Amino acid sequence: MPSPIVLVADPLPAHLTAELAADFDVRHCTGADRAQLLAAVPEASALLVRSATRVDQEVLDAAPRLRVVARAGVGLDNVDVAAAARAGVVVANAPYSNVVSVAELTVGLVVALARPVLPASASVHAGHWRRADFQGVELAGNTVGVLGLGKVGELVAVRLRAFDMRVLTHDPHVRDDALERTGAQAVSLEELLRQSDVLTVHVPLTDTTRGLIGERELSWAKPGLRLVNTARGGIVDEFALAQALKEGRLAGAALDVFEFEPPLSSPLLGLPGVIATPHIGAGTAQAQERAGREAVRAVRQVLTGGAPDPAA
Ligand SMILES: NC(=O)C1=CN([C@@H]2O[C@H](COP(=O)(O)OP(=O)(O)OC[C@H]3O[C@@H](n4cnc5c(N)ncnc54)[C@H](O)[C@@H]3O)[C@@H](O)[C@H]2O)C=CC1
Ligand SMILES: O=C(O)CCC(=O)C(=O)O
């Protein structure tokens, strides 16, 4: 009997896909466009993705043999989980694989907004020595608002408490033990914006969180707010954010994620005070190894008939 086909649609560590190739027919279509994906998927029993490949009804309809979609990462907004369930396809993600990496990048971005490290470095490289141009603010004593006190939000809160920041949070499902571990105080979304010097976004992108931080919410912002989003584009309205930055109501923003990636037409690109990174929250060797390993394990479990771990 021919080996089941495992289609690798986004880049994963090569040694992990090589391990799978010992038992399955592993085929790669990383960097493929939509038409190439739709042409490759009909034979596949398993599909391995990260965040770039959209697995929607069209892909599922084109894949009658598909048994598992394994997401080497956390967010499942690129997978139509309900449609997969209807089609009897298991969806597995890697919920703890990269949360430390995302939290660490977030803290780095919070620091980089408070102290203008990036423009100062560019200036020195350009041959200048302008110490007075790069005055920042101390984080100690500032208030950070953590929007979404889940796995990443909690790690961020604990790390920023170590900077002597006061931590507020807004999360409709917040658990008491998370508040205890972080020392965060739960407030309404409006209070979070009114009181925070730094707002950091850690909610998933869903129908209810799309546009959660828009024009109205930014009108509540404490003057000089610095905003960090390492969760998903689409949660923060990019046009409303650009307007608030242009009007000087916000002091800066750091974004790892954009509504459309790459964000070629984002109003935020080129704005002073905006730090932009190319969705690298999970971009560490350790996170990629863990996420890839969990995804590969899920594929193996489903294709060999073991009980799969459900998506979290
Ligand atoms: N930049 C990157 O490379 C990465 C980004 N992410 C993003 O980070 C997000 C968060 O990850 P985790 O912390 O692991 O998820 P999680 O599921 O552990 O936590 C999310 C939290 O958001 C809360 N929440 C949901 N709706 C909310 C709302 N309307 N207002 C306030 N809080 C709300 C939930 O109650 C939960 O506590 C992921 O969904 C993913 O999109 C995750 C990994 C890598
Ligand atoms: O590295 C990736 O695929 C993106 C990570 C991510 O955004 C996630 O795990 O939700």
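Computed from a predicted structure; not experimentally measured.

### As for the site of ligand 1
Right, on to step 1. Near ligand 1 you find 26 residues, and of these Lys151, Val152, Asp171, Thr230 and Asp256 are the closest.
Right, on to step 2. Between ligand 1 and Ala282 there is a distance of 3.2 Å, counted from an oxygen atom to a backbone nitrogen or oxygen.
Right, on to step 3. In isolation ligand 1 exposes 880 Å². Once the protein is present, 86% of that is buried.
Right, on to step 4. Looking at the shell around ligand 1, its residues break down into 12 nonpolar, 10 polar and four charged.

### Details of the pattern of salt bridges
Right, on to step 1. In the structure shown here, the tally under the stated rule is 16 salt bridges.
Right, on to step 2. The residue Arg34 makes a salt bridge to Glu58 at a minimum N-O spacing of 2.9 Å. Here Arg34 is found in helix 2 (residues 34-40), whereas its partner Glu58 is found in helix 3 (residues 57-61), with 24 residues between them in sequence.
Right, on to step 3. Residue class for Arg34 comes out partly exposed when judged on its relative accessible area of 25%.
Right, on to step 4. As a salt-bridge pair, Arg249 and Glu247 come within 2.8 Å of each other at their nearest N and O atoms.
Right, on to step 5. You can call Glu247 partly exposed: its relative accessible area is 45%.

### Section: the UniProt feature "domain: D-isomer specific 2-hydroxyacid dehydrogenase NAD-binding" (unreviewed entry) in the protein chain
Right, on to step 1. Under the UniProt annotation, "domain: D-isomer specific 2-hydroxyacid dehydrogenase NAD-binding" (unreviewed entry) lies at residues 107-281.
Right, on to step 2. Between the C-alpha atoms that bound residues 107-281 the distance is 11 Å, and the span itself is 32% helix and 17% strand.

### Topic: the site of ligand 2
Right, on to step 1. What surrounds ligand 2 is the set Arg50, Ser51, Arg71, Gly73, Val74, Gly75, Asn98, Arg232, His279, Ala282 and Gln288.
Right, on to step 2. At 3.0 Å, a side-chain N or O of Arg71 approaches an oxygen atom of ligand 2.
Right, on to step 3. Compared with its free state, where it exposes 300 Å², ligand 2 has 93% of that area covered by protein.
Right, on to step 4. Per-class residue counts for the shell around ligand 2 are two nonpolar, six polar and three charged.

### Quick look at the layout of surface pockets
One simple way to see leftover space: roll a probe sized like a water molecule over the atoms.
Right, on to step 1. Empty space within the second largest pocket amounts to approximately 240 Å³.
Right, on to step 2. In terms of lining residues, the second largest pocket is bounded by 14 residues, among which Leu149, Gly150, Lys151, Glu154 and Arg181 are the most central.
Right, on to step 3. For the lining of the second largest pocket, the elements supplying multiple residues, two or more each, are helix 7 (151-161) and helix 8 (176-182).
Right, on to step 4. Of the residues belonging to the lining of the second largest pocket, the class tally is six nonpolar, two polar and six charged.

### Quick notes on helix 5 (residues 99-114)
Right, on to step 1. For helix 5, with 16 residues, the first-to-last C-alpha span of 23 Å sits near the 22 Å given by 1.5 Å per residue.
Right, on to step 2. Burial runs high along helix 5: 12 of the 16 residues are buried.
Right, on to step 3. Burial in helix 5 covers these residues: Val99, Ser101, Val102, Ala103, Leu105, Thr106, Val107, Leu109, Val110, Ala112, Leu113 and Ala114.

### Here's the deal with helix 12 (residues 285-303)
Right, on to step 1. End to end, helix 12 covers 27 Å across 19 residues, agreeing with the expected 27 Å (1.5 Å per residue, within 8%).
Right, on to step 2. Remark: Gly305 follows helix 12 within two positions and exhibits a positive phi of approximately 90°.

### Describing empty space enclosed by the protein
Right, on to step 1. For the coordinates displayed, the defined rule picks out one cavity of 30 Å³ or more.
Right, on to step 2. Taken together, Asn229, Arg232, Gly233, Gly234, Val236, Glu238, Leu241, Leu255, Val257 and Leu268 make up the full set of residues lining the largest cavity.
Right, on to step 3. Its residues placed into classes, the lining of the largest cavity shows five nonpolar, three polar and two charged.

### Structural notes on the pairing of strand 11 (residues 250-255)
Right, on to step 1. Most of strand 11 is tucked away: five of the six residues are buried.
Right, on to step 2. Judged from the five bridges that link them, strand 10 (residues 225-229) and strand 11 form a sheet pairing that is parallel. Bridge pairing links Asn229 to Leu255 in strand 11.
Right, on to step 3. One crossover worth recording links strand 10 to the parallel strand 11 by way of helix 11 (residues 238-246), and it is right-handed.
Right, on to step 4. When strand 11 meets strand 12 (residues 274-276), the two strands line up parallel, connected through three bridges. In the strand pairing of strand 12, Ala254 is matched with Ile275.

### Section: unusual backbone geometry
Most peptide bonds adopt trans geometry, and most residues besides glycine take a negative phi value.
Right, on to step 1. The linkage connecting Glu261 with the following residue, Pro262, adopts the cis geometry, with an omega of 0°.
Right, on to step 2. Residue position: Pro262 is located in the loop between strand 11 and strand 12.
Right, on to step 3. Even without being glycine, Asp164 reaches a positive phi, approximately 65°.
Right, on to step 4. Structurally, Asp164 can be placed in the loop between helix 7 and strand 7 (166-170).
Right, on to step 5. Taking relative accessible area as the criterion, Asp164 reaches 56% and is therefore assigned exposed.
Right, on to step 6. The backbone of His279 sits at a positive phi, close to 55°, despite the residue not being glycine.
Right, on to step 7. Its location among the elements puts His279 in the loop between strand 12 and helix 12.
Right, on to step 8. The class of His279 is partly exposed, set by a relative accessible area of 27%.

What counts, and where the lines are drawn
Residues numbered from 1 in each chain as written. Chains lettered and ligands numbered in written order. Predicted model: local features only at pLDDT ≥ 70, side-chain atom pairs only at ≥ 80, totals over all residues. Heavy atoms only, no water. Near = heavy atom within 4 Å. Polar contact = N/O pair within 3.5 Å; in protein donor to acceptor, adjacent residues only side chain to side chain. Areas by Shrake-Rupley, 256 points an atom, 1.4 Å probe, with all protein chains shown as cover. Nonpolar A, V, L, I, M, F, W, Y, C, P; charged D, E, K, R; others polar. Salt bridge = Lys/Arg side-chain N within 4 Å of Asp/Glu carboxyl O. Helix = DSSP H or I, 4+ residues; strand = E, 2+ residues; numbered from the N terminus. Buried < 20%, exposed > 50% of the residue type's maximum accessible area, 1.4 Å probe, protein only. UniProt positions renumbered as here; feature names shortened; annotations may be inferred. 1 Å grid on protein atoms, 1.4 Å probe; cavity = no way out; pocket = protein on both sides within 12 Å on 5 of 7 lines; lining within 4 Å. Points joined across faces, edges and corners; volume = space filled by probe spheres on them. Expected span 1.5 Å × (residues − 1). Pairing = 2+ DSSP bridges. Right-handed = clockwise from strand over helix to strand, strands pointing away.

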